[in-house]
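Structural characterization, general
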Amino acid sequence: MAIPAKARSQQLGLFMPLSPDPERLEITLKRIQSTVGENRVGSPVLGDTHSPNAFQQSHFVLPEMKEKRSVTEKQTTAALRIFRPSLPANVEFQEGKPTFLSCEGARRRILAFAGPWRTKGDWWSETAWARDEWDIEVRTLRPKVRRESSQESEEETALYRVYKDLRAKRWFVEGIYD
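Now for a look at the structure at hand. Given the structure is predicted, the values throughout are model-derived calculations rather than measurements.

**Examining the overall build of the protein**
- In terms of regular secondary structure, the protein is built from 2 helices and 9 strands.
- Ordering the α and β elements of the protein from the N terminus gives α-β-β-β-β-β-β-β-α-β-β.
- For the protein, the residues scored as buried account for 27% of the 178 residues in total.
- Counted over contacts in the protein with a minimum sequence separation of 6, partners at least 24 positions apart contribute 45%.
- About 14,500 Å² of surface is accessible on the protein, with carbon and sulfur atoms providing 52% of the total.

Structure, rendered in structure tokens:
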């Protein structure tokens, strides 16, 4: 004889978004995992390396189950939106300083720059990598469409991350800062 159990009640926070019941979420994640594969479900975690785009999947945990952050901690105010794949580019130098960026059929004068930062890793393996990274300010490569005047979009600038793949000897635009 089966005896029904009373449904568990859950107290919700006033300012917290609704999240799925932990038991139901675990079952759903296991079903997805059986479909797409063991290591393809979870939360991305940055790897302990300087290699670009290196990450691992970790077990998914609901936000309310994680340790709370202090309210006084500062939040990041700038983020790099990575272009996937990176955009092929060309950077022209004059007296050791970058002066022009050519990408997607546009040629832009570099207004300001910082760098280079040389990073390399995995030198012991077949997947070795090495690159010089620069942050540059140019008139935006993809201007926003505006109705008022086209002059405003002509003067709009953006901050981009560019890098030279030292092994392939080619330039790329990796992303744009927000």
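Additional details are given in the paragraphs that follow.
**Here's the deal with the environment of His 50**
- On the secondary structure map, His 50 appears in the loop between strand 1 (43-46) and strand 2 (55-58).
- With a relative accessible area of 69%, His 50 lands in the exposed category.
- Sequence separation between His 50 and Thr 119 is 69 residues, and the spatial gap between their C-alpha atoms is 7.1 Å.

**Observations concerning the packing of aromatic side chains**
- Under the counting rule described, the total for this entry stands at 5 aromatic pairs.
- Through a chain of ring-to-ring contacts, the aromatic side chains of Phe 93, Phe 113, Trp 134 and Trp 171 assemble into a single cluster.
- Between Arg 107 and the ring centre of Phe 100, over which it is positioned, the NZ or CZ distance is 3.8 Å.
- The ring of Tyr 163 has Arg 131 sitting right over it, with the charged end atom 3.8 Å from the ring centre.

Calculation criteria
Residues numbered from 1 in each chain as written. Predicted model: local features only at pLDDT ≥ 70, side-chain atom pairs only at ≥ 80, totals over all residues. Heavy atoms only, no water. Helix = DSSP H or I, 4+ residues; strand = E, 2+ residues; numbered from the N terminus. Buried < 20%, exposed > 50% of the residue type's maximum accessible area, 1.4 Å probe, protein only. Contact = heavy atoms within 4.5 Å. Areas by Shrake-Rupley, 256 points an atom, 1.4 Å probe, with all protein chains shown as cover. Phe/Tyr/Trp six-rings, centres within 6.5 Å; stacked < 30°, edge-to-face > 60°. Lys NZ or Arg CZ within 6 Å of the ring centre and 35° of its normal.

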